[in-house]
Amino acid sequence: MSTKIALFIIDDSYILSKVSELANHLDIVGINKDDIKVFCKSKKLNKSVEQLSFIEKLKLKKNKPREIYDSLIYRLKRIVSKKAINNAPLGFELEHIDSINSDNSKEKIKDFEPDVGIFIYYDEIVKKETLALINKPFNIHPAHLPDYRGCQPIYWLLKNKVHSSTVTLHVMTDGIDEGDIVYEYPYSLSLEKSIDENVKVTVDCLPEFLAFSLRRIARFKNDQFLNQDCYLGESKYYGRPNH
């Protein structure tokens with residue numbers, strides 16, 4: 001009997017391109033690509049701003065040229081990103097969803113009936129009732145756990161002058177970045193590079209990371225996922241940085 005796998009991503013064209021490369025590594029896992037479905041969340045601007053026309057936004061910011069520039073660049077990036085995702089040669093079935101916890105999204109997940117679900121750099125808290133629709137839910141976190149829990153760990157790693165970390169797969173629970181650690185993939189940080197450039201390094205790990213993670217998940221028949229080889233360290237939660 002085949003294992004149905006759901007991959008949950010945000011609409012970032014670079015992450016999507018790396019997830020698509022997983023198709024080149026499926027021989028490692030012994031999984032058919034037809035058993036994998038990608039659920040892609042479409043981002044939305046803040047509702048109160050979204051309801052304004054573009055001209056109204058410019059009028060609102062007429063005395064703030066920098067914000068006008070940022071708005072134009074952001075708008076362009078959104079158009080390019082959405083077009084890239086819609087045209088991406090993914091190789092897996094792609095399903096667009098809104099908020100992961102919406103009734104519409106939950107219905108789509110329920111229809112697929114995933115045995116395994118992996119959330120890849122997701123930007124929402126997944127509620128209990130949504131997690132319950134996935135037999136084995138996992139999360140990919142771009143830093144070592146449990147000592148770099150939280151939503152922007154790369155910022156804190158660089159701030160703390162850390163030179164290396166791991167992309168980490170862990171079992172999802174209703175706690176933030178908690179749950180047994182399943183697999184770790186080491187990478188190096190560059191303190192001379194930007195946050196975005198260092199995040200890109202972690203994303204580049206995804207094709208092999210996903211393949212080896214799926215293989216490791218398949219080995220644990222009794223759901224005891226804790227990787228005894230991992231150095232756990234002290235649990236620390238880092239909040240959103242104040243820029």
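All values derive from a computational prediction rather than experimental measurement.

(A) Local environment of the pairing of strand β2 (residues 36-41). Among the six residues of β2, six are classified as buried, and the element is accordingly described as predominantly covered. Both faces of β2 are covered, namely the face carrying Ile36, Val38 and Cys40 and the face carrying Lys37, Phe39 and Lys41. The pairing of strand β1 (residues 5-10) with β2 spans six bridges and is parallel. Bridge pairing links Phe8 to Phe39 in β2. Relative to strand β3 (residues 93-97), β2 runs parallel, the two being bridged by five bridges. Bridge assignment links Lys41 to a residue of β3, and that residue is Ile97.

(B) Spatial organisation of helix α9 (residues 195-204). Burial in α9 covers these residues: Asn198, Thr202 and Val203. Viewed along the axis of α9, the buried residues span an arc of 150 degrees, placing them on a single side of the element. The inward-facing, buried residues of α9 abut α1 (13-20), α8 (153-159), β6 (164-171), β7 (181-188) and α10 (206-219).

(C) Representation of the sheet that holds strand β5 (residues 136-141) in the model. Strand order across the open sheet formed by seven strands is β3-β2-β1-β4-β5-β6-β7, with mixed pairing between neighbours. Strands with a single pairing partner mark the edges of an open sheet, and in this sheet they are β3 and β7. Averaged over all adjacent pairs, the angle separating strand axes in this sheet is 20 degrees, with direction ignored. Sheet analysis places strand β4 (residues 116-120) next to β5, joined by five bridges and oriented parallel. Its bridge partner lying in β5, Val116 is registered against Lys136. Together, β1, β2 and β4 form the strand contacts of α1, whose direction differs from that of β1 by roughly 155 degrees.

(D) Structural detail: unusual backbone geometry. Following Leu145, the chain continues into Pro146 via a peptide bond in cis, with omega recorded as 10 degrees. Counting through the fold element by element, Pro146 comes out in the loop between β5 and α8. Residue Tyr121 is not a glycine yet carries a positive backbone phi of 50 degrees. If you trace the backbone, Tyr121 turns up in the loop between β4 and α7 (128-131). The exposure class assigned to Tyr121 is buried, which follows from its relative accessible area of 13%. Here Lys161, not a glycine, exhibits a phi torsion of approximately 55 degrees, which is positive. Mapped onto the secondary structure, Lys161 falls in the loop between α8 and β6.

(E) A look at helix α6 (residues 103-112). Every buried residue of α6 is accounted for by Ser105, Lys106, Ile109 and Phe112. Summarising the axial view, the buried residues of α6 lie within an arc of 125 degrees, below the 170-degree limit, and thus occupy one face. In α6, the exposed residues that point more than 90 degrees away from the buried face are Asp103 and Asp111. Looking at the buried side of α6, the elements it contacts are β1, β2, β3 and α7. Just past α6, the residue Glu113 takes up positive phi, approximately 55 degrees.

Calculation rules
Counting of residues starts from 1 at the beginning of each chain's written sequence and follows it residue by residue. Side-chain atom pairs in this predicted model are given and counted only at pLDDT of 80 or more, local residue features only at pLDDT of at least 70, and totals for whole chains, interfaces and linings cover all residues. Side-chain numbers here rest on the full set of heavy atoms in the structure, without hydrogens or water. Note on classification: 1.4 Å probe, protein chains only; a residue is buried when its accessible area is under 20% of the maximum for its type, exposed when over 50%, partly exposed between these limits. Helix and strand definitions here come from DSSP, where helices need a minimum of 4 consecutive H or I residues and strands a minimum of 2 consecutive E residues; each element is numbered from the N-terminal end. The pairing criterion for strands is at least two bridges between them, as found by DSSP. Each direction from the helix axis to a C-beta atom contributes to the arc, which is the arc of those directions. By the convention used here, residues are in contact when the closest approach between their heavy atoms is within 4.5 Å. Here an axis means a line fitted to C-alpha atoms, over the contact stretch when the element is a helix, while the angle between two N-to-C directions is reported on a 0 to 180 degree scale.

Interpretation in functional terms is not warranted from these geometric data alone.
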